[in-house]
Amino acid sequence: DSTIIFLHRTSQLIIDDCRHCTIIVGPTEGSVFIRDCSNCTILTSCGQLRTRDCTSIRIGILCPTEPIVENSNDVFFYHLAMFYPELKEQLHSAGLRPFTNRVVSAHDFTPAGSDLKKNFKVFVDPVKMSAEQEAILLKNGVSLIKSSDEIIPRFSVISDNDPAFLFVLGNAEPVDDLGDKAIDLLRAIYAAEMKILATYDVITKNIDAKMIPYAGKAGKNILNIGDWSRQFRYCVFNRLAT
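Residues numbered from 1 in each chain as written. Predicted model: local features only at pLDDT ≥ 70, side-chain atom pairs only at ≥ 80, totals over all residues. Heavy atoms only, no water.

A. Structural detail: the pattern of salt bridges. For the coordinates displayed, the defined rule picks out eight salt bridges. Residues R35 and D16 are paired through a salt bridge, measuring 2.7 Å at the closest nitrogen-oxygen approach. Of this pair, R35 sits in strand β4 (residues 28-35) while D16 sits in strand β2 (residues 13-16), placing them 19 residues apart in sequence. On the accessibility criterion, D16 (29% relative accessible area) is partly exposed. Notably, a salt bridge pairs E70 with R50, separated by 3.9 Å at the nearest N-O pair. With a gap of 20 residues between them, E70 in strand β7 (residues 68-70) and R50 in strand β5 (residues 38-52) connect regions that are remote in the sequence. Beyond isolated ion pairs, a larger network of salt bridges with shared partners links R50, R52, D53 and E70. (Salt bridge = Lys/Arg side-chain N within 4 Å of Asp/Glu carboxyl O. Helix = DSSP H or I, 4+ residues; strand = E, 2+ residues; numbered from the N terminus. Buried < 20%, exposed > 50% of the residue type's maximum accessible area, 1.4 Å probe, protein only.)

Right, here's the structure in full:
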């Protein structure tokens, strides 16, 4: 029955034996282990996430690798949607970037039961908290409300057979330069009240050159997929290209 807010970068994090808690933690370079917990809400970004022997937990997460579920049930995953002033610098120092999130491909080591019910579920919408809980977080510098300051993409389920694709290209180093351009694009999309289906942060040499004809000019690229109009697509891309 506690609210724990730890807005610092860590190398590894272990959360054990918590009940009815809200836990907000800064970026973790390595693994976050959640064990023997129940009825908790956890917001975190990390290199790897593992749950074991947990029941009824909600996890808002940014993770470039598949989250692991083991001997757990009613685990609910959400895309991480929060902001506080130090988050961007902490993500960079932890080697984490906000544009690739593997939460949709969580892996369950425990087979489904006889009723074939999955032990986890992935939601597109961010974690919802009570007004009282949001006020506690805001008082401690953490905002869950969508704003022009946030740097982590918020995704939407959109029925669009012809989505637009935007590429932000640049050298692999320094990573901050490319990331800042992608964040500028993210904020421009939000300002135009458009929606994002997905984003990916990839090494260009791993992509078929036929897919991105100009990819040879950059070491990395960040791909944004959305439902904005063709006119808006070229407007934003040209602005960033200059």
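B. Region of interest: the environment of P126. Along the chain, P126 falls in the loop between β10 (120-123) and α2 (131-139). When the C-alpha positions of P126 and F77 are compared, they lie 9.1 Å apart, and in sequence the two are 49 residues distant. Filtering out sequence-adjacent residues up to four positions away, P126 remains in contact with Y78, H79, A81 and R154. (Contact = heavy atoms within 4.5 Å.)

C. Structural context of the nonpolar core. Among the nonpolar cores identified, the biggest contains 31 residues, and I24, L43, M82, M129, V142 and L144 are the most heavily contacted of them. Every element with two or more residues in this core is listed here: α1 (87-93), β11 (164-170) and α3 (175-191). Per element, the largest residue contribution to this core is seven residues, and it comes from α3. When sequence neighbours within four positions are dropped, the list of residues in contact with V142 reads I5, L7, I24, M82, F83, Y84 and L137. Formed by 24 residues, the second largest nonpolar core is a distinct cluster that contains C40, I61, C63 and V75. (Core = buried A, V, L, I, M, F, W, Y, C linked by side-chain atoms within 4.5 Å.)

D. Representation of the packing of aromatic side chains within the structure. On inspection of all chains with the given rule, the structure shows three aromatic pairs. With a centroid separation of 5.8 Å and 70° between ring planes, the pair formed by F76 and F123 is classed as edge-to-face. Taken together, the positions of F76 in strand β8 (residues 73-79) and F123 in strand β10 put the pair 47 residues apart, joining distant regions of the chain. On the accessibility criterion, F76 (25% relative accessible area) is partly exposed. Arranged with centres 5.0 Å apart and planes meeting at 10°, the rings of Y78 and F123 form a pair that is stacked. (Phe/Tyr/Trp six-rings, centres within 6.5 Å; stacked < 30°, edge-to-face > 60°.)

None of the figures reported here should be taken as evidence of function without further support.
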